[in-house]
Amino acid sequence: MNTRRRFFGQSAAGLIGAALVSRVGAASLPEAPIRTTPDMAPPLQPSSGRPYSPVVTLNGWSLPWRMNSGWKEFHLVAEPVVRQIAAGMNAHLWGYNGQSPGPTIEVVEGDKVRLFVTNKLPEHTTIHWHGQRLPNGMDGVGGLTQPHIRPGKTFVYEFEAKRPGTFMYHPHADEMVQMAMGMMGFWVTHPKNPKFMPVDRDFVFLLGAFDIEPGSFTPRVNTMLDFNLFAFNTRVFPGIDPLVVRRNDRVRIRVGNLTMTNHPIHLHGHEFEVTGTDGGWTHPSSRWPEVTTDIGVGQMRAIEFIANEPGDWALHCHKSHHTMNAMGHDVPTMIGVDHRGVVEKINRLVPDYMVMGERGMADMGEMEMPLPDNTLPMMTGRGQYGAIEMGGMFTVLKVRDGLARNDYKDPGPYQHPAGTVAFEWTGQLPVAERPAPAAASKMSLKVRKPPAGHAGH
Ligand SMILES: [Cu+2]
């Protein structure tokens, strides 16, 4: 069955390729480069067209183009992909050019852009260029502004990139399914004037959410809100690259939200300003300092700051469930419940059973319980001082002295100057006077109410 399906899949792909070559002619369609690794590609320096300072796509890449009689031409291929979510877990998704999210498109204000979109999905699709000023018929809303792109077909989009700023692309056809399957990408239109709001490092990533059962590979596409993997560019911590910057660099981080909820993105150690939104660059007089910015559904934000504090600084969504991975969210709270005697009995039946959560959940970050295949621990990642106990939308801003201009290599853990790390107090503790606990409250700790829901009725 499996072999047969793969055989048909390959034949179909081969036929699509052959059809493209014969109809359009190999020379007239730009190449569609694909990328198979989940790591960050170095910034794509422009080799033709107007100059600009390229962005860095976290765990991603920018799509090469060709110039053709004044048009900047790109070729996107919508197709099934395998994305490594983090080491130990692969997801079967839909994306573009070998990855989810698809490659970042970088153009310059005023560029005439031509995008070839080939559909290698099993169903029709379109691409909506989120936030762009363009002719209505190029807006990519299937049925409304264009016919759908049927499987095997290639469509052409043409428009001028009028407004500099931060954009996204995603399907506007069977949108719920196709976005749940990972179809999305980033778009940056650089300003024509390279001296406009220059920065030293310019990072981009999309917020994504998936519902993938431990042990399975394909997202549940009908999930409305209860996702179990929250991702930066379809990677979860510790699979997410750090943001490596030189001390005193001016840093821009652009974030787009293509999930079904808002994400308060929080940076440690620095204040930033929101310098760009969906609508363009904010006026300097409208900016105020923040350490958390809430990014609503369908919104984009560009934040900027001077990275003048060396160290390993957390950058994460402040919804704490969004910094956890897929395992076991549906477990009762056991804090304060006395397990003594129970574990031994359960172990006779289930040797791998471990007590979870009677002293909080921190044990989860330290323990090594056998996991189902193809899933990740809920709380994971290790730092120089132990378990970091994070997953999902979490990464590290690494600010270092002495890096080269284009050096994005992970410099390893921060070496703290002597006397600058929180330390244990070993002196005398004052005796705290507390009222004696009431007998009734001791009783109530032992009571566990049945879980909410109506299963037992
Ligand atoms: Cu979040």
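What you are looking at is a predicted structure, and each value in this text was computed from that prediction instead of being measured.

Novice: What am I meant to see in the overall build of the protein chain here?
Specialist: Within the protein chain one finds five helices and 24 strands. Taken across its 457 residues, the protein chain has 49% of its residues classed as buried. Carbon and sulfur atoms make up 57% of the accessible area of the protein chain, which totals about 23400 Å².

Novice: Just checking my understanding: could you explain the pairing of strand E16 (residues 272-277) for this structure?
Specialist: Working note: regular strand, side chains alternate between the two faces of the sheet. The pairing of E16 with strand E18 (residues 289-290) spans two bridges and is classified as antiparallel. In the sheet register, Phe272 faces E18, and the bridge partner there is Glu290. Of the pairings in the sheet, the one linking E16 to strand E17 (residues 280-281) comprises two bridges and is antiparallel in character. Looking at the pairing, Thr277 lines up with Gly280 of E17. The antiparallel pairing of E16 with E17 creates a hairpin that spans two residues between the two strands.

Novice: Looking at this structure, how should I read the coordination of the copper ion?
Specialist: Each donor-metal-donor angle in an ideal tetrahedron of four donors is 109.5 degrees, and each such angle in an ideal octahedron of six donors is either 90 or 180 degrees. Coordination of the copper ion by the protein involves His263 (ND1), Cys317 (SG) and His322 (ND1), with metal-donor separations of 2.0 Å. Counting along the primary sequence, the residues that act as donors to the copper ion give the motif H-x53-C-x4-H. Side by side, Cys317 and His322 carry an identical accessibility label, which is buried.

Novice: Would you explain the sheet that holds strand E19 (residues 292-295) in this entry?
Specialist: Strand order in the open sheet formed by five strands is E13-E24-E21-E15-E19, with mixed pairing between adjacent strands. Edge positions in the sheet fall to strand E13 (243-246) and E19, since each of these pairs with one other strand and no more. Adjacent strand axes in the sheet meet at a mean angle of 20 degrees when their direction is disregarded. Sheet topology places strand E21 (residues 311-317) next to strand E24 (residues 394-400); six bridges connect them, and they run antiparallel. If you follow His316 over to E24, its bridge partner there is Phe394.

Novice: What is the right way to look at a nonpolar patch on the surface in this model?
Specialist: Residues Met224, Leu225 and Met260 make up a contiguous nonpolar surface patch of roughly 370 Å² in combined accessible area. With respect to the helices and strands, Leu225 occurs in the loop between strand E11 (201-210) and strand E12 (229-232). With a relative accessible area of 61%, Leu225 lands in the exposed category.

Novice: Honestly, the environment of Met179 in this entry has me stumped. Any pointers?
Specialist: Residue position: Met179 is located in helix H2 (residues 175-180). Those residues within four positions of Met179 in sequence are excluded, and the remaining contacts are His170, Pro171, Met184 and Leu258.

Novice: I keep staring at the confidence of the model for the protein chain and nothing clicks. Help me out?
Specialist: Residues shown with low pLDDT carry predicted positions that ought not to be read at fine detail. Scored by pLDDT, the protein chain comes out at a mean of 88, with 86% of its residues at no less than 70. When the criterion is pLDDT under 50, residues 1-25 qualifies, and its contacts beyond four places in sequence or with other chains add up to eight contacts.

Novice: How do you make sense of the pattern of salt bridges when you look at a structure like this?
Specialist: A pair can form between side chains of opposite charge whenever their charged atoms are brought close. Counting across every chain of the model gives 19 salt bridges. Ionic pairing is found between Arg250 and Glu304, a salt bridge with its closest N-O pair at 2.8 Å. One end of the pair, Arg250, is in strand E14 (residues 250-257); the other, Glu304, is in strand E20 (residues 300-306), and 54 residues separate them in sequence. Between Lys409 and Asp407 there is a salt bridge, with its nearest N and O atoms 3.6 Å apart. Assessed through its relative accessible area of 62%, Lys409 is described here as exposed. One network of salt bridges, with partners in common, ties together Asp202, Arg250, Arg252, Arg254 and Glu304.

Novice: Would you mind showing me how to read the nonpolar core here?
Specialist: Within the largest apolar cluster, 34 residues are counted, with the highest numbers of intra-cluster contacts made by Phe203, Leu207, Phe232, Ile253 and Phe305. Non-local contacts of Phe305, meaning those with residues more than four positions away in its chain, are made with Asp249, Arg250, Val251, Ile253, Leu267, His270, Glu271, Phe272 and Leu397. If you look at the next biggest cluster of nonpolar residues, it comprises 33 residues, including Leu76, Val113, Ile127 and Ala180.

Novice: I would appreciate a short explanation of the packing of aromatic side chains in the present structure.
Specialist: The geometry of an aromatic ring pair comes down to the distance between the two centres and the angle between the two planes. On inspection of all chains with the given rule, the structure shows twelve aromatic pairs. Between the aromatic rings of Trp65 and Phe74, the centroid separation amounts to 6.1 Å while the plane-to-plane angle is 55 degrees, which identifies the pairing as tilted. Since its relative accessible area comes to 12%, Trp65 is described here as buried. Taking relative accessible area as the criterion, Phe74 reaches 0% and is therefore assigned buried. On the basis of an interplanar angle of 70 degrees and a centroid distance of 4.7 Å, the ring pair of Phe237 and Phe394 is categorised as edge-to-face. Of this pair, Phe237 sits in the loop between E12 and E13 while Phe394 sits in strand E24, placing them 157 residues apart in sequence. Taken together, the aromatic side chains of Tyr96, Trp129, Tyr157, Phe159, Tyr169 and Trp187 make up a single cluster linked through ring pairs. Directly above the ring of Trp65 sits Lys72, whose terminal nitrogen or CZ lies 4.4 Å from the centroid. The residue whose ring lies beneath Arg201 is Tyr408, and the NZ or CZ to ring-centre distance is 4.6 Å.

Novice: Just checking my understanding: could you explain the side chain of Thr189 for this structure?
Specialist: By the secondary structure assignment, Thr189 is in strand E10 (residues 185-190). Here the side chain of Thr189 touches Trp187 through a polar contact of 2.8 Å, side chain to side chain. If we skip the residues at most four places from it in the chain, Thr189 touches Val107, Val108, Glu109, Gln132, Ala161, Arg163, Pro164, Gly165 and Phe167.

About the thresholds
- Residues numbered from 1 in each chain as written.
- Predicted model: local features only at pLDDT ≥ 70, side-chain atom pairs only at ≥ 80, totals over all residues.
- Heavy atoms only, no water.
- Helix = DSSP H or I, 4+ residues; strand = E, 2+ residues; numbered from the N terminus.
- Buried < 20%, exposed > 50% of the residue type's maximum accessible area, 1.4 Å probe, protein only.
- Areas by Shrake-Rupley, 256 points an atom, 1.4 Å probe, with all protein chains shown as cover.
- Pairing = 2+ DSSP bridges.
- Donors = N, O, S within 2.8 Å, 3.2 Å for Na, K, Ca; no water.
- Axes fitted to C-alpha atoms, helices over the stretch in contact; angles between N-to-C directions.
- Patch = residues over 30% accessible without salt bridge, like charges linked within 9 Å, V, L, I, M, F, W, Y side chains within 5 Å.
- Salt bridge = Lys/Arg side-chain N within 4 Å of Asp/Glu carboxyl O.
- Contact = heavy atoms within 4.5 Å.
- pLDDT = per-residue confidence, 0-100.
- Core = buried A, V, L, I, M, F, W, Y, C linked by side-chain atoms within 4.5 Å.
- Phe/Tyr/Trp six-rings, centres within 6.5 Å; stacked < 30°, edge-to-face > 60°.
- Lys NZ or Arg CZ within 6 Å of the ring centre and 35° of its normal.
- Polar contact = N/O pair within 3.5 Å; in protein donor to acceptor, adjacent residues only side chain to side chain.

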